[in-house]
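Examining the three-dimensional arrangement
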Amino acid sequence: MSVLTRVLRAVGGEEVLDRLSGLSGSDLTTLLLALARRRAGARSGADVVRQYRSDRFVAPAEVPFAVLRAAEDRLLAALPPSFSVLGLSPLAPLGTCSAVAEMDQNNVVSTVRGTEVAADPTNALALEAALRRQSGPEDVRLAAVQRVVRAQLFNGAGRFAHFTLFAAVSAGRDRGSLEFEREHFAEHVAYLRAACGDVEFRVTVLDPRFEVVRGTLPADPSRQTGYYKGLCFKVFRDGVEIGDGGFVDWTQRLTGNRKERLLISGVGVDRFATL
């Protein structure tokens with residue numbers, strides 16, 4: 001018996017889930033807020049301390065703050081002036097990851113107010129880029145540093161329930177002959193080299209036309225990827241993966257315009273800082 005089946009039997013069966021899913025967003029929020037208030041009201045200080053001691057989502061970062069801050073400063077200092085740095089909200093609209101980047105919603109911490117805790121700044125930057133692209137013809141370059149939470153259980157060193165990500169996105173319109181892709185890919189590669197030092201790029205070409213975008217960077221044909229289109233890459237330093245990126249169709253889907261192009265890249269600040 002699955003956990004969900006057991007829980008549904010305890011509260012009245014599958015019909016309860018059907019009725020709850022049929023509520024409007026505001027009515028469901030009202031119900032969940034009342035439930036959260038009742039559960040919180042029944043807790044003692046000792047209960048809170050007990051959870052704080054054992055819950056992986058609420059413990060402080062393992063990497064010392066000064067080390068993290070130094071890595072953040074290094075990444076931001078190397079950013080080209082053409083990028084606008086945003087202070088992102090710690091919350092995003094519900095479905096920002098699952099609807100845009102096809103991430104399983106169970107891997108995101110959903111809230112009772114129709115939002116979700118930030119899981120990846122590139123998704124929020126894609127939303128902002130889509131809005132800005134609708135108000136002008138110019139290419140949009142955005143970046144952010146954000147502490148994020150992932151709900152899936154990670155194993156191994158350097159894997160945390162919450163961690164800091166640096167993210168950069170470049171959005172614009174298709175110019176033909178992969179001109180947008182070649183320009184912005186070269187810009188992201190040059191930036192990551194300047195910011196992260198002696199790094200290795202491994203590029204996976206998903207569309208043969210993008211061989212001209214890859215240039216002389218080493219190929220990685222073994223990589224399996226879900227949402228990248230055309231080309232994607234990973235960044236390694238001292239043999240450790242610290243970054244990731246590639247082209248996605250997110251702004252196409254957000255704007256309904258198939259001519260839109262988007263390149264994303266990110267660096268795991270905690271992992272980069274420990275190196």
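These numbers were taken from a predicted model, which means no experiment stands behind them.

**Brief notes about the overall build of the chain**
Along its length, the chain carries 11 helices and nine strands. For the chain, the C-alpha atoms occupy an extent of roughly 60 × 45 × 35 Å along the three principal directions. Of the contacts made within the chain by residues no fewer than 6 positions apart, 64% connect residues no fewer than 24 positions apart. Summing over all exposed atoms, the chain offers an accessible surface of approximately 15,000 Å²; the carbon and sulfur share of this is 53%. Separation between the mean location of the 35 positive side-chain charges and that of the 32 negative ones in the chain comes to 4 Å.

**What to know about the sheet that holds strand E4 (residues 140–149)**
Judged by pairing direction, the sheet is mixed, and its seven strands sit side by side in the order E1-E4-E5-E9-E8-E7-E6 without closing on themselves. The sheet is open, and its two borders are formed by strand E1 (84–85) and strand E6 (200–205), each paired with just one other strand. Taken strand by strand, helix H8 (residues 179–196) contacts E4, strand E5 (162–173), E6, strand E7 (231–237), strand E8 (240–248) and strand E9 (260–268), and its axis lies near 15° from that of E9.

**What to know about the layout of surface pockets**
The space that makes up the largest pocket amounts to roughly 970 Å³. The wall of the largest pocket is formed by 40 residues, among which Arg-150, Phe-163, Leu-165, Glu-241 and Asp-244 lie closest to the centre. Looking at the lining of the largest pocket, the elements that each hand over two or more residues are helix H7 (121–133), E5, E8, E9 and helix H11 (269–274). Along the lines of polarity and charge, the residues of the lining of the largest pocket split into 15 nonpolar, 14 polar and 11 charged.

**Brief notes about H7**
The end-to-end C-alpha distance of H7 is 18 Å, a good match for the 18 Å that 13 residues give at a rise of 1.5 Å each. Every buried residue belonging to H7 is among Pro-121, Thr-122, Asn-123, Leu-125, Ala-126, Ala-129, Ala-130 and Arg-133, and all of these are buried.

**Quick notes on the packing of helix H5 (residues 65–77) against H8**
At a minimum axis distance of 8 Å, the contact between H5 and H8 shows a crossing angle of 140°. Comparing their axes, H8 and H5 come out oblique. H8 is crossed by H5, and the crossing has right-handed handedness. On the side of H5, the interface is formed by Arg-74, Leu-75 and Leu-76, while H8 contributes Tyr-191, Ala-195 and Cys-196. The residue inventory of the contact of H5 with H8, partitioned by class, reads five nonpolar, no polar and one charged.

**Description of the pattern of salt bridges**
The final tally for this structure, using the stated rule, is 19 salt bridges. Here Glu-181 ties to Arg-261 by a salt bridge, and the two come within 3.3 Å at their closest N and O atoms. Of this pair, Glu-181 sits in helix H8 while Arg-261 sits in strand E9, and the two are 80 residues apart along the sequence. The two residues Glu-181 and Arg-261 agree in class, both being buried. Asp-249 is paired through a salt bridge with Arg-253; the nearest N and O atoms lie 3.6 Å apart. The exposure class assigned to Arg-253 is partly exposed, which follows from its relative accessible area of 40%. Each of Asp-139, Arg-141, Arg-175, Glu-179, Glu-183 and Glu-187 takes part in salt bridges that share partners, so that together they form one network.

**What to know about the side chain of Glu-116**
Mapped onto the elements, Glu-116 comes out in strand E3 (residues 115–117). Buried charge without a partner: Glu-116 forms no salt bridge, and the closest opposite charge is Arg-150, 9.3 Å away. A polar atom in the side chain of Glu-116 sits 3.5 Å from the backbone nitrogen of Thr-96.

About the cut-offs
Residues numbered from 1 in each chain as written. Predicted model: local features only at pLDDT ≥ 70, side-chain atom pairs only at ≥ 80, totals over all residues. Heavy atoms only, no water. Helix = DSSP H or I, 4+ residues; strand = E, 2+ residues; numbered from the N terminus. Contact = heavy atoms within 4.5 Å. Areas by Shrake-Rupley, 256 points an atom, 1.4 Å probe, with all protein chains shown as cover. Lys, Arg positive; Asp, Glu negative; His and termini not counted. Charge placed at Lys NZ, Arg CZ, Asp CG, Glu CD. Pairing = 2+ DSSP bridges. Axes fitted to C-alpha atoms, helices over the stretch in contact; angles between N-to-C directions. 1 Å grid on protein atoms, 1.4 Å probe; cavity = no way out; pocket = protein on both sides within 12 Å on 5 of 7 lines; lining within 4 Å. Points joined across faces, edges and corners; volume = space filled by probe spheres on them. Nonpolar A, V, L, I, M, F, W, Y, C, P; charged D, E, K, R; others polar. Expected span 1.5 Å × (residues − 1). Buried < 20%, exposed > 50% of the residue type's maximum accessible area, 1.4 Å probe, protein only. Parallel < 35°, antiparallel > 145°, perpendicular 65-115°, else oblique. Left-handed = near helix turned anticlockwise from the far one by under 90°. Salt bridge = Lys/Arg side-chain N within 4 Å of Asp/Glu carboxyl O. Polar contact = N/O pair within 3.5 Å; in protein donor to acceptor, adjacent residues only side chain to side chain.

Keep in mind that these numbers describe shape and distance, not what the molecule does.
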